[in-house]
Amino acid sequence: MSASSARRLVSRLEPDEQRRVVSRLLREVAGRGCVISDPLRADRLLVLCAPLLQGDSSPAAPANGAETANGASDRSDADGLDAELAGEMAPVAAMMHTLAHEDTDAEARVLNAAYKHAAAAAPGRLPHVLVPLLFRFLQLARRVRLAEEGGATLEVSCGKLLAFVGQIVQAVTAAAPNLALRLYVQCAQVADSCGDDDGAYEYLTQAFTLFEEEVAEQSAKLAALSLLSAALPHMTSFSAEQYETLARSATQYGATLLKKPDQARAVAKASFAFWPLAGLSPHRNAQRALECLQRALKIADGCKW
């Protein structure tokens, strides 16, 4: 059966049935190891996914934050995504990993065709389709970088892909800022591995901006700083000035947490940024690492446990 025929048949079903049938079809595509390597086929398949991408669009649909008829929230809160909705969207996420091509330029066209549909998903469903697509673009960026190092001339460069993934993270930010912060760190790590120090620096700067403006709960703030302090020492492409700025930000933000125990933990973890483990790093600064540990100890001494 062609995708257009399947779409016509599915459109005659009730919304709940449409989602169930499309989910079953997508599971079959992913389960059989199919590879979607043609942009037109990817476009047709994503059109078929509309019931999952849009959810219940009937006039009686509840407001943001309420549960839909299928039991899933149509809105993600700042601390995480609805587990039931994630399960419903899992077949779409799995299908994203079937989009591939041996030629990097051709794969970029396939992924771009999928992005056009994913970006039009309902706000609460957006992260569930954009995140797997983001990782496909990051994988492609690594492949393109290797090809460029081998002397290949490509239509879609590594720099273009690394710039594009930032747009995807921006689209996720409104629905899930905590998730977006982590995605920025992931993008920074890939940019760093590809030798794009400016791109990596920009993404970590965006992560710190999200931390300051969007992350509200103290537990989430501590988790975010722990992630940033852990990721930074493994990046090797930064200049001394760039690295110093980022490491100092991790230390300063750690001292702004409301609870003293959290401050002590965050500042102690920030010390790792001044003693990177990635080889003989030029960014190692024993004095700054010691200062962080001493400051953390001083804060801890003042805590009322």
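For the structure itself, consult the block above.
Note that the structure is predicted; figures quoted are calculated from it, not measured. All residue numbers refer to positions counted from 1 along the written sequence of the respective chain. Reporting in this predicted model follows two pLDDT cut-offs: at least 70 for local features of residues, and 80 or more for side-chain atom pairs to be given and counted; totals over whole chains, interfaces and linings ignore these cut-offs and use all residues. Water and hydrogen atoms play no part in the side-chain values, which are based on all heavy atoms of the structure.

### Some points on the side chain of Thr173
As a reminder, the rule being used: Runs of H or I in DSSP of at least four residues are treated as helices and runs of E of at least two as strands, each being numbered from the N terminus. The cut-offs for exposure are 20% and 50% of the maximum accessible area for each residue type, with area from a 1.4 Å probe on protein chains only; residues under the lower value are buried, those over the upper are exposed, and the others partly exposed. Definition of a polar contact: a pair of N or O atoms within 3.5 Å, with one able to donate and the other able to accept a hydrogen when the atoms are protein atoms, and with sequence-neighbouring residues admitted only if both atoms are side-chain atoms. Should any heavy atoms of two residues lie within 4.5 Å, those residues are counted as being in contact.
Inspection of the secondary structure puts Thr173 in helix 8 (residues 158-173). Judged by its relative accessible area of 15%, Thr173 is buried. From its side chain, Thr173 meets the backbone oxygen of Val169 in a polar contact 2.9 Å long. If we ignore the near neighbours within four places in the chain, the residues touching Thr173 are Ala180 and Leu210.

### A few points about the pattern of salt bridges
Basically, it comes down to this: Think of a salt bridge as a Lys or Arg side-chain nitrogen and an Asp or Glu carboxyl oxygen that are within 4 Å of each other.
One pass over the full model with this rule turns up 14 salt bridges. For Glu244, the salt bridge is made with Arg248, and the minimal N-O distance between the two is 3.6 Å. On the criterion of helical spacing, the pair formed by Glu244 and Arg248 is a turn pair, its members being four residues apart in helix 12 (residues 240-254). On the basis of relative accessibility, which here comes to 32%, the residue Arg248 falls in the partly exposed class. The residue Arg265 makes a salt bridge to Asp262 at a minimum N-O spacing of 3.3 Å. Taken together, the positions of Arg265 and Asp262, both in helix 13 (residues 260-270) and three residues apart, correspond to about one turn of that helix.

### As for the packing of aromatic side chains
For any pair of aromatic rings, the description consists of the separation of the ring centres together with the inter-plane angle of the planes. Stated formally: Side-chain rings of Phe, Tyr and Trp, where Trp is taken by its six-membered ring, are said to pair if the distance between their centres is within 6.5 Å; with planes under 30 degrees apart they count as stacked, over 60 as edge-to-face, and otherwise as tilted. For a Lys NZ or an Arg CZ to count as sitting over a ring, it must be within 6 Å of the ring centre and within 35 degrees of the ring normal.
For the coordinates displayed, the defined rule picks out six aromatic pairs. Measuring from ring centre to ring centre gives 6.5 Å for Tyr201 and Phe238, while their planes differ by 75°; the resulting arrangement is edge-to-face. Here the residue Tyr201 occupies a position in helix 10 (residues 197-213), and Phe238 occupies one in the loop between helix 11 (218-231) and helix 12, the gap between them amounting to 37 residues. Classification of Tyr201 by relative accessible area gives partly exposed; the value is 24%. For the ring pair Phe208 and Tyr253, a centre distance of 5.7 Å and an interplane angle of 20° mean the geometry is stacked. Here Phe208 is found in helix 10, whereas its partner Tyr253 is found in helix 12, with 45 residues between them in sequence. For Phe208, a relative accessible area of 7% gives the class buried. Connected via pairs of aromatic rings, a cluster forms that spans Tyr115, Phe137 and Phe164. Lys221 extends its terminal NZ or CZ atom over the ring of Phe211, reaching a point 4.4 Å from the ring centre. The lysine or arginine in question, Arg284, covers the ring of Trp275, its NZ or CZ lying 4.7 Å from the ring centre.

Purely spatial values, then, with no claim about function.
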